Amino acid sequence: MTENVVSLAERLKARRAELGLSQAQAARELDVARTAYRLWEMEASRPSPDRWRLIASWLGVSVTTMLVANDMVSDTEASVSEVVGGGDFTSLDPSTYAAQATNADFYVEASKRLNEATASGAISVDQAQQFGALLRRLEASSTTDQASQAWEPAELRRNLPATETAPREAREAIAFLASDLATATVQEAQLLTSELVTNSVRHAGMSPDDAIGLFVRVTRSVLHVAVSDTAATREAVPVEPNKSGGHGLRIVAALASRWGGTTDTGGRKTTWFELDLPSPGS
């Protein structure tokens with residue numbers, strides 16, 4: 001079984017290439033910090049048990065196969081674990097497992113699976129003893145491991161000059177903060193942000209020395225972007241397009257999951273939109 005074993009690092013790289021993802025995007029898929037994922041591909045560290053189930057699901061293999069690839073189980077142990085747990089160790093949904101599990105939870109679920117298989121007669125006493133020994137060995141080797149550092153939400157605030165360079169700078173800011181999102185999502189966010197910033201530059205009546213505010217937040221489920229200016233009369237409502245424009249808010253209204261506008265007590269107007277995102281590990 002160990003002949004021609006593909007390492008976990010190579011499996012991760014191949015899967016990422018197949019999906020056309022960057023390391024940052026793959027890290028979000030697996031709900032883990034970018035640095036942690038990068039170390040996995042470099043074979044400089046191993047994933048903690050709280051991510052085994054999710055990684056295996058993402059790769060389309062069993063947990064046993066993943067552990068063999070990581071040189072963590074022998075051929076004999078792999079054969080027994082496949083019989084006991086169907087190669088999964090646990091029937092938990094991978095997205096739920098990523099969001100809630102700890103290292104200890106993995107072994108609790110695996111032990112439960114072992115007890116069920118033993119009680120039903122699906123495995124022999126000898127197999128149960130071998131699998132139990134495997135679990136104890138794996139748990140002992142990971143007792144000092146910390147749980148995986150999860151993917152973290154991020155936010156950014158910038159003041160942009162009220163000039164024709166502002167839309168480009170806003171798009172660059174989106175690309176920087178949202179680099180771990182799907183490329184199509186980033187491009188859509190850049191388009192909508194560019195439309196809002198362009199509206200501020202062209203219609204807010206601001207001088208080049210005035211600042212257009214940009215706020216971007218990426219959470220587990222939402223990309224939120226807000227653009228603010230000191231327009232005296234502009235309201236966040238779509239208008240009939242004409243030769244001079246009028247398409248911006250219509251595009252935002254058509255593509256955003258939600259959008260709207262507010263005015264603070266100082267008269268500064270903010271137009272915002274949100275794009276719904278798949279949660280990490282889903």
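Small disclaimer: the values here were computed from a predicted structure and weren't measured.

**Some remarks on the overall build of the protein chain**
Each helix and strand in the protein chain was counted, giving twelve helices and five strands. For the protein chain, the residues scored as buried account for 46% of the 282 residues in total. Nonlocal contacts in the protein chain, meaning residues at least 24 apart in sequence, comprise 67% of its contacts between residues at least 6 apart. For the protein chain, the accessible surface area stands at approximately 13800 Å², while carbon and sulfur atoms represent 49% of it.

**Re helix 1 (residues 8-19)**
Between the first and last C-alpha of helix 1 there are 17 Å, a value that for twelve residues agrees with the 16 Å anticipated at 1.5 Å per step. Gly 20 occupies a position one or two residues after helix 1 and carries a positive phi of about 70°.

**Some points on unusual backbone geometry**
The phi torsion at Asp 31 lies on the positive side, around 50°, for a residue other than glycine. Note that Asp 31 resides in the loop between helix 2 (23-29) and helix 3 (34-41). Taking relative accessible area as the criterion, Asp 31 reaches 2% and is therefore assigned buried. One non-glycine residue, Glu 43, lies in positive phi territory at about 60°. Taking the relative accessible area as the measure of exposure, Glu 43 reaches 58% and is therefore exposed.

**What to know about the environment of Thr 263**
Residue position: Thr 263 is located in strand 4 (residues 258-263). Between the alpha carbons of Thr 263 and Thr 230 there is a distance of 9.4 Å; along the sequence they are 33 residues apart.

**Concerning the confidence of the model for the protein chain**
Mean pLDDT over the protein chain works out to 80, with 77% of the residues at or above the 70 mark. Of all secondary-structure elements in the protein chain, the lowest mean pLDDT belongs to helix 7 (residues 94-100), at 47, while helix 10 (residues 166-177) reaches the highest, 96. Note on residues 90-99: pLDDT under 50 across the span, and 26 contacts to partners over four residues away in sequence or across chains.

**Considerations on the packing of helix 11 (residues 183-203) against helix 12 (residues 248-255)**
Their axes nearest at 9 Å, the elements helix 11 and helix 12 cross at an angle of 150°. One way to sum up the angle between helix 11 and helix 12 is to call them roughly antiparallel. In terms of crossing hand, the pair formed by helix 11 and helix 12 is left-handed. Judged by residue contacts, Glu 188, Leu 191, Leu 192, Glu 195, Leu 196 and Asn 199 of helix 11 engage Gly 248, Leu 249, Ile 251, Val 252 and Leu 255 from helix 12. Of the residues assigned to the contact of helix 11 with helix 12, the class counts are seven nonpolar, two polar and two charged.

**So, the side chain of Asp 229**
Looking at the element boundaries, Asp 229 is found in strand 3 (residues 222-229). A relative accessible area of 0% means that Asp 229 is categorised as buried. A distance of 2.6 Å separates a polar atom in the side chain of Asp 229 from a polar atom in the side chain of Ser 200.

**Here we look at the environment of Thr 64**
The residue Thr 64 is located in helix 5 (residues 63-69) in this model. Take Thr 64: its relative accessible area is 0%, and that puts it in the buried class. Along the primary structure Thr 64 and Arg 53 are separated by eleven residues, whereas in three dimensions their C-alpha atoms are 9.8 Å apart.

**Here's the deal with the pairing of strand 5 (residues 269-276)**
Sheet topology places strand 3 next to strand 5; eight bridges connect them, and they run antiparallel. Directly across from Val 222, in strand 5, lies its bridge partner Asp 276. Bridging between strand 4 and strand 5 involves six bridges; their strand directions are antiparallel. Bridge pairing links Arg 258 to Glu 274 in strand 5.

**Some thoughts on the pattern of salt bridges**
Under the criterion given, the structure shown has ten salt bridges. Of the charged contacts, one joins Glu 172 and Arg 168 as a salt bridge, the two residues approaching to 3.2 Å between their closest N and O atoms. Residue Glu 172 and its partner Arg 168 are located together in helix 10, separated by four residues, close to a single helical turn. We classify Glu 172 as partly exposed; its relative accessible area is 43%. Relative accessible area serves as the criterion here: at 39%, Arg 168 is assigned to the partly exposed category. When salt bridges with common partners are traced through the structure, they connect Asp 31, Arg 51 and Arg 220 into a single cluster.

**Observations concerning the packing of helix 1 against helix 3**
At a minimum axis separation of 7 Å, helix 1 and helix 3 run at an interaxial angle of 115°. Counted together, Ala 9, Leu 12, Lys 13 and Arg 16 of helix 1 and Tyr 37, Trp 40 and Glu 41 of helix 3 form the full contact between these two elements. For the contact of helix 1 with helix 3, the residue count by class is four nonpolar, no polar and three charged.

Conventions we followed
Residues numbered from 1 in each chain as written. Predicted model: local features only at pLDDT ≥ 70, side-chain atom pairs only at ≥ 80, totals over all residues. Heavy atoms only, no water. Helix = DSSP H or I, 4+ residues; strand = E, 2+ residues; numbered from the N terminus. Buried < 20%, exposed > 50% of the residue type's maximum accessible area, 1.4 Å probe, protein only. Contact = heavy atoms within 4.5 Å. Areas by Shrake-Rupley, 256 points an atom, 1.4 Å probe, with all protein chains shown as cover. Expected span 1.5 Å × (residues − 1). pLDDT = per-residue confidence, 0-100. Axes fitted to C-alpha atoms, helices over the stretch in contact; angles between N-to-C directions. Parallel < 35°, antiparallel > 145°, perpendicular 65-115°, else oblique. Left-handed = near helix turned anticlockwise from the far one by under 90°. Nonpolar A, V, L, I, M, F, W, Y, C, P; charged D, E, K, R; others polar. Polar contact = N/O pair within 3.5 Å; in protein donor to acceptor, adjacent residues only side chain to side chain. Pairing = 2+ DSSP bridges. Salt bridge = Lys/Arg side-chain N within 4 Å of Asp/Glu carboxyl O.

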